[in-house]
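# Summary of structural features
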Protein chains: 2
Amino acid sequence: MDRRRFTSTLVASALLGSLPRPLWGASTARVARIDGARLNRRLLALREFGGTDSGGTHRLGYSEADQAARVSVTQWMRAAGLTPRVDEAGNLIGSRAGTARDLPPLLFGSHIDSVPDGGNYDGNLGTIAAIDVAQALQEQGRTLRHPIEVCVWANEEGGLYGSRAVSGQFAAHELALTTTSGKTVEDGIRFLGGDPARLDRAVRRRGDIAGYFELHIEQGGVLERTNTAVGVVEGIVGIKWWDVTITGMANHAGTTPMDQRRDAMLAAGRFIDLVNRVVRATPGSQVGTVGRLRALPGAPNVIPGTVVCSLELRDLSDAKIDALFTAITRDAAAIAESTGTSFAYQELHINEAAPSDPLMRRVIADAAGALGVSARVMPSGAGHDAQAIAQLGPMGMIFIPSVGGISHSPKEFSTPEHCALGGDILLHAVLAADATLSR
Amino acid sequence: MDRRRFTSTLVASALLGSLPRPLWGASTARVARIDGARLNRRLLALREFGGTDSGGTHRLGYSEADQAARVSVTQWMRAAGLTPRVDEAGNLIGSRAGTARDLPPLLFGSHIDSVPDGGNYDGNLGTIAAIDVAQALQEQGRTLRHPIEVCVWANEEGGLYGSRAVSGQFAAHELALTTTSGKTVEDGIRFLGGDPARLDRAVRRRGDIAGYFELHIEQGGVLERTNTAVGVVEGIVGIKWWDVTITGMANHAGTTPMDQRRDAMLAAGRFIDLVNRVVRATPGSQVGTVGRLRALPGAPNVIPGTVVCSLELRDLSDAKIDALFTAITRDAAAIAESTGTSFAYQELHINEAAPSDPLMRRVIADAAGALGVSARVMPSGAGHDAQAIAQLGPMGMIFIPSVGGISHSPKEFSTPEHCALGGDILLHAVLAADATLSR
């Protein structure tokens, strides 16, 4: 090991003077840092498990690559002075005791499973950084008041299975679902060393944790475009999906005059434009997407009689999602009227919005201030384990920039400097939260 | 045979007096008729070959059902005093000599192959009616000046193969194409008794025929809606197809703000509406259809980066089709600009418009007048063998109403009365054309 990396850096007091006073006080004038080089080495090393020729990572939840990667992660946990265990839901958790009596643990972590042919940073960064934070604390001789737990949540990409099990949001019928690895959730949990018959033992209640931090790549382009180093996540957006079925009448494209058509494709075209108009009509960061569309019968010379398309709405406010949907369906009724079609909506999927905790946001923003980097408060448009764990206690989430805003792709990339910075912010935030949280 | 059906009907001269004087003069005060009951019996009998449980007909071109049906059709031709033969392209042609020397033949007919799971009238009506016209002429002791040929064109639904071979529009490479029957065109032609190596012998030149009539169901709802008995086809529309590829950028639907998207689906939605607006912006019977659409990657939570959709335009004027396309592409460029996408057009298919002959239209309209039924001039939005044969001489086409405008479906239906009327109109038109055509 190269001890030169385990240093603290003195930030010029002139710089600190221009920033809001950190919550955890004067002791942080000497700014703690993690070992950024080690963090980046470990990120690279993780590519051994599921790394692809295209330069990305294919490490599906519950797969052999997932299992093999956890062996390395477990070794790194031990090196960081953590005691690893696998809970009943297959989550890998490395814990260390705190100094105070009767305080619940402070959690931080992420996941290491990937989407098919995914990137090298989504989940991996937050996992490795969490271990490096624990290791930095140990190497710098800092023992926190709270017990700490570094969490590697199982099968995030499949649907937050590990974190939802812990927060009690896992439905029994989901055990039988088949995941991208080919295994059912039940077999997958067992494969990772969990006990699907005893999932109740993995469940925690509100108050069982002091708080939870997750560092993650942004997966969008806002930070890069605004030249900002750190995103302070104000919450994880709620998501609703619908299947929209538009019914007209299929007919001969040559013999049916324009004014006699009941063209489901025309109605769909106007609907797609409507969704865009309604979503953009009010200020805010809400998004609306039609990503999938199927037209039947689907021949160039037949007027489509049926179109089924998806509608997805996301916002930090569930009420705003509902209001957008109401506005869309109201205006779609006029499209139905003008095209001789009908619209039916089937709600398929709901993730409720998960706001982050104001104190957790504050310590993240302060960490950016202490490290002299720019930060902005922003929503997370993507889903994360943090939204499940937010049910159990105060949640805070840190973003670093994604180059080109690209994610879920082999081209996913964040600079080594930003990855290391993310680890530093997490370390500062953990220190500040440990000092500040009332319990 | 029931001789009572072979009667002529005297139309009250009061009625005739209110109509334009028929071209073929006073001899038609006694209005000739075909045997409508026999025609409808033969239409039913044809269902023996490829009739489906759903009440329609599945008789693909070059299939066993097609071949078997031709045996019955050949027998009916013989009963009508026609001499049947199969030409090199697999067309079944029943001919009879005329009284005048050196006149080219007058052709009439249609096809008996169907689309998959199609109806009982498309093609069948025109074929049976043509035979019944020949039989009525024979039974009524009328021999025409012109030789007559009743034509059953091979594989119309597959792409006018038989009629295009005769009119010299068949490209050599098409022999290798696989048809819905599973046979290549080459094997299919041979299966029907043609000689694919000698297709040149089937080709006719302009002037080789005196004219061509085809009776057909409308396949649309204009006649029914306007309560009209007969359509006088002013021409068969030209058809152009394009594949339109819209390229934006696929991205995460949660993390990509609305103003940073290059959403190919949004561009497609606006394009679909644009096609409808442009086509309807000018008076006329032109139609435009987007019938097929594929969005990639096609997930509810991913902004589509690519959309490929079809564009089909039809009109009697090829120049109008080109003008519509120019207007569409011009306005689509503005959509591309506003959505950060690009549009590319690949022309896939062209059928040039085929106007009918003024004299042939006139004799059809006169026939409706003589029979005391309503008629209207209208385009054929669908393609027909008549558009190929129009290359060889004057073409006329007769429509009768389709109930509900439905075609290419087991629900395709025309009333027995309208079917018989169509045969009568065809008979009158043939008589008048025989008398009127200069050669």
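Here, the structure is the one placed above.
First, a word on scope: everything that follows refers to the structure included in this document. Model, not experiment: these values are computed from the prediction.

Of regular secondary structure, chain A possesses 12 helices and 18 strands. A globule of 439 residues ought to have a C-alpha radius of gyration of about 22 Å, and chain A, at 24 Å, matches this closely. Its C-alpha atoms put chain A at 80 × 50 × 45 Å along the principal axes. Among the 439 residues that make up chain A, the fraction classed as buried is 59%.

Here the focus is the interface of chain A and chain B. Contacts between the two partners involve 49 residues from chain A, matched on the other side by 49 residues from chain B. There are 2 salt bridges connecting chain A and chain B. Between Arg270(A) and Asp273(B) there is a salt bridge; the shortest N-O distance is 2.7 Å. Joining chain A to chain B, the criterion identifies 10 residue pairs in polar contact (both at pLDDT 80 or more). Elements that contribute at least two residues to the side of chain A that touches chain B include exactly α7 (222–225), β10 (251–252), α8 (264–280), β11 (287–289), β12 (293–296), β13 (302–303) and β14 (306–315) of chain A. Broken down by element, the residue count for the side of chain A that touches chain B peaks at 9 residues, all from α8(A).

Let us now look at the packing of aromatic side chains. Residue and element names in this part refer to chain B. Tallying each qualifying case throughout the model produces 14 aromatic pairs over all chains. Between Tyr 121 and Phe 413, the aromatic rings sit 5.8 Å apart at their centres with planes inclined by 85 degrees, giving edge-to-face as the arrangement. In this pair, Tyr 121 is assigned in the loop between β5 (106–110) and α4 (124–139) and Phe 413 in the loop between β18 (395–400) and α12 (416–436), connecting sequence segments 292 residues apart. You can call Tyr 121 buried: its relative accessible area is 13%. Under the relative-accessibility criterion, Phe 413 is labelled partly exposed at 35%. A ring pair is formed by Trp 242 and Phe 325, whose centres lie 4.0 Å apart and whose planes are at 5 degrees; its orientation type is stacked. Within this pair, whereas Trp 242 is found in strand β9 (residues 238–247), its partner Phe 325 is found in helix α9 (residues 318–339), the two being separated by 83 residues in sequence. The buried category is assigned to Trp 242, whose relative accessible area is 3%.

This part covers helix α3 (residues 64–79) of chain A. Relative to the 22 Å expected for 16 residues at 1.5 Å per residue, α3(A) spans 23 Å between its end C-alpha atoms, a close match to the ideal helical length. A positive backbone phi angle near 75 degrees is found at Gly81(A), which sits one or two residues after α3(A).

Residue and element names in this part refer to chain B. In terms of burial, strand β8 (residues 230–236) is largely enclosed, as 6 of its 7 residues are buried. Note: β8 against strand β17 (residues 375–380), 6 bridges, orientation parallel. In the sheet register, Val 230 faces β17, and the bridge partner there is Ala 375. Where β8 and β18 come together, 2 bridges link them in antiparallel fashion. Looking at β18, one finds that Gly 231 is bridged to Phe 399.

Oppositely charged side chains may form a pair once their charged atoms are brought near each other. Counting across every chain of the model gives 36 salt bridges over all chains. Linking Glu347(A) and Lys240(A) is a salt bridge whose minimum nitrogen-to-oxygen distance equals 3.9 Å. One end of the pair, Glu347(A), is in strand β15 (residues 342–351); the other, Lys240(A), is in strand β9 (residues 238–247), with 107 residues separating them in the sequence. Accessibility expressed as a relative area gives 43% for Glu347(A), which makes it partly exposed. Overall, Lys240(A) belongs to the buried group, its relative accessible area being 14%. With a closest N to O distance of 2.7 Å, Glu174(B) and Arg164(B) form a salt bridge. Pair noted here: Glu174(B) is in the loop between α5 (161–166) and α6 (185–191) and Arg164(B) is in helix α5, with a separation of 10 residues, a long-range link. Each member of the pair, Glu174(B) as well as Arg164(B), carries the same accessibility label: buried. One connected set of salt bridges, linked through shared partners, spans Arg38(A), Arg42(A), Asp132(A) and Glu139(A).

This part takes up helix α2 (residues 36–45) of chain A. Buried within α2(A) we find Gly36(A), Arg38(A), Leu39(A), Asn40(A), Arg42(A) and Leu43(A). Regarding α2(A), its N-cap is Asp35(A), as a side-chain oxygen of that residue lies 3.2 Å from the backbone nitrogen of Ala37(A) further along.

Rules used throughout
- Residue positions are counted from 1 within each chain, in the order its sequence is given.
- All chains are assigned letters beginning at A, and all ligands numbers beginning at 1, according to the order in which they are written.
- Only residues with pLDDT of at least 70 are given local features in this predicted model, and only at 80 or more are side-chain atom pairs given and counted; all residues enter the totals for whole chains, interfaces and linings.
- Hydrogens and water are ignored here; the side-chain numbers use all heavy atoms of the structure.
- Runs of E in the DSSP output that reach at least two residues are strands. Runs of H or I that reach at least four are helices, and both are numbered from the N terminus.
- To get the radius of gyration, use the C-alpha atoms; to get the globule rule, take the number of residues to the power 0.38 and multiply by 2.2 Å.
- A simple rule labels every residue: compare its accessible area, found with a 1.4 Å probe on the protein chains alone, to the largest value its type can have, and call it buried under 20%, exposed over 50%, or partly exposed in between.
- We call two residues in contact whenever any of their non-hydrogen atoms come within 4.5 Å of each other.
- Criterion for a salt bridge: a side-chain nitrogen of Lys or Arg within 4 Å of a carboxyl oxygen of Asp or Glu.
- Here a polar contact means two N or O atoms within 3.5 Å. Within protein one must be a hydrogen donor candidate and the other an acceptor candidate, and residues neighboring in sequence count only if both atoms are side-chain atoms.
- Stacked, tilted and edge-to-face are the three classes assigned to paired rings of Phe, Tyr and Trp, where Trp is represented by its six-membered ring and a pair needs centres within 6.5 Å; plane angles under 30 degrees give stacked, over 60 edge-to-face, the rest tilted.
- One less than the residue count of a helix, multiplied by 1.5 Å, gives the span that helix is expected to have.
- When DSSP finds two or more bridges between two strands, those strands count as paired.

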